[in-house]
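This is what each chain is made of:
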Amino acid sequence: MPDRCLTVIPSVPVWTDGEHIVFDRKFYDGLLLYVERWPGPVSCVVRRTTDALPAFGAVRKTAKELPFAVQSLYTEERVRAEHLAGAAVVLAAADDFNQLHVSALCRGLGIKCAYVIEYVPETRHQIVAIESPNLLTRLRRDLFVRRTERRRRKAFDLADGIQANGTAACGEYRKYANCMLYFDTRMGRDAMISDDALSSRLEESSKGGPLRLAFSGRLIGMKGADHLVRVAAALRDSGVPFHLTVYGTGDLESRMRADIRALELDLRVTMRGAVDFHDTLVPEIKSSVDAYVMLHRQSDPSCTYLETLSCGIPIVGYANKALSGILEMADVGCSSAMDDVAGIAAAIRRLDSDRALLSRQSRAASGFARRHSFEETFRNRVDHLLRLAGDAPDRPAVTV
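Residues numbered from 1 in each chain as written. Predicted model: local features only at pLDDT ≥ 70, side-chain atom pairs only at ≥ 80, totals over all residues. Heavy atoms only, no water.

## Quick notes on the side chain of lysine 223
Positionally, lysine 223 belongs in the loop between β11 (211–216) and α7 (228–237). Overall, the relative accessible area of 8% leaves lysine 223 in the buried class. (Helix = DSSP H or I, 4+ residues; strand = E, 2+ residues; numbered from the N terminus. Buried < 20%, exposed > 50% of the residue type's maximum accessible area, 1.4 Å probe, protein only.)

The structure is reproduced here in structure tokens:
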């Protein structure tokens, strides 16, 4: 299959900056692995955006510097047959409703099509409920979600394979042909915590000092950021020695800072703002965090789950489908019912009082993440596409 192309159509956009194309770093690194593993040319069809350039995690390249071909679309432009010329397999993003016609287009052209899917209907409705306080707006958006989901399932009926990001999506769509499970992550093997570094951190933690907690992500209601300060207050009031570091920015930042001052938690909670993922966040959490607090109210497969586990850090969070699915696979943390702040505080108290449990879950977290490294994940995903194209690799299939 030397001349057959893999064409990737992501949901993430690109930016233009003079003669440079600006890529999200994680997407760009993934494309490089497609180039490395695919036995033929790789191209991507990407939508341009006029949004502000990302502050961190961007890769700037000229077209001549790229090892893959790029076709760019205007904001409302649809993918057409000419964009798929020469493709053996097309990998499209099913979370983007503008791509739900791609499987029918591929079927007509005799091209194999696989979809990537992350969100399940429950998650979409959860997002609508959080972001739409007006009843009429919420009803209208819920109707759009239901109609789009019918289109999505028709698109899956025509697709040759599904790559499901996270256990929630895999469970929802596993009935479709060639469905495989994977976990989104930016963490390669070299970036993961070493056994020696983990042992050193756990030895320090075993001495019984204040539990070092952290959260990273957008400070918005969907991520449960509004409950972080409440959890901190509950821990303080119950006598648990701890420090919580919050990384990120968002709509709730000013409110959280005000609540920290009002509740006199200034010495217990630090707001770090936005920091670079690779240069600052990862080194700090690998060396100075014992447990992550993830109060996500929806079941999307946030890359933060695997990236946290890659640092050998267990997760305490709300029992959404994404976290619950991971906890069913490995003992890498604990969960409490949605919006149960007291339950989250109780789970953290258990880790504080049982440092041996914290150690076991930390080592299990590291082991689970190594089995799902960035490199291993993309190797499995490319192997899946090769099978669809009729060029089966030697490695065993990972479909579920």
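## What about the pattern of salt bridges?
When their charged atoms lie close together, side chains carrying opposite charge are able to pair. Inspection of the entire model under this criterion finds 25 salt bridges. Residues joined in a network through salt bridges with shared partners are Glu149, Arg152, Arg153 and Glu172. (Salt bridge = Lys/Arg side-chain N within 4 Å of Asp/Glu carboxyl O.)

## Here's the deal with the environment of glutamate 76
Take glutamate 76: it is sitting in the loop between β6 (69–73) and β7 (87–93). A relative accessible area of 68% places glutamate 76 in the exposed class. Considered as a pair, glutamate 76 and arginine 47 are 29 residues apart in the sequence and their alpha carbons are 8.6 Å apart.

## Quick look at helix α10 (residues 303–310)
α10 sits mainly inside the fold: eight of its eight residues count as buried. By the burial criterion, the buried members of α10 are Cys303, Thr304, Tyr305, Leu306, Glu307, Thr308, Leu309 and Ser310. Looking one or two residues past α10, glycine 312 carries a phi angle of roughly 70°, positive in sign.

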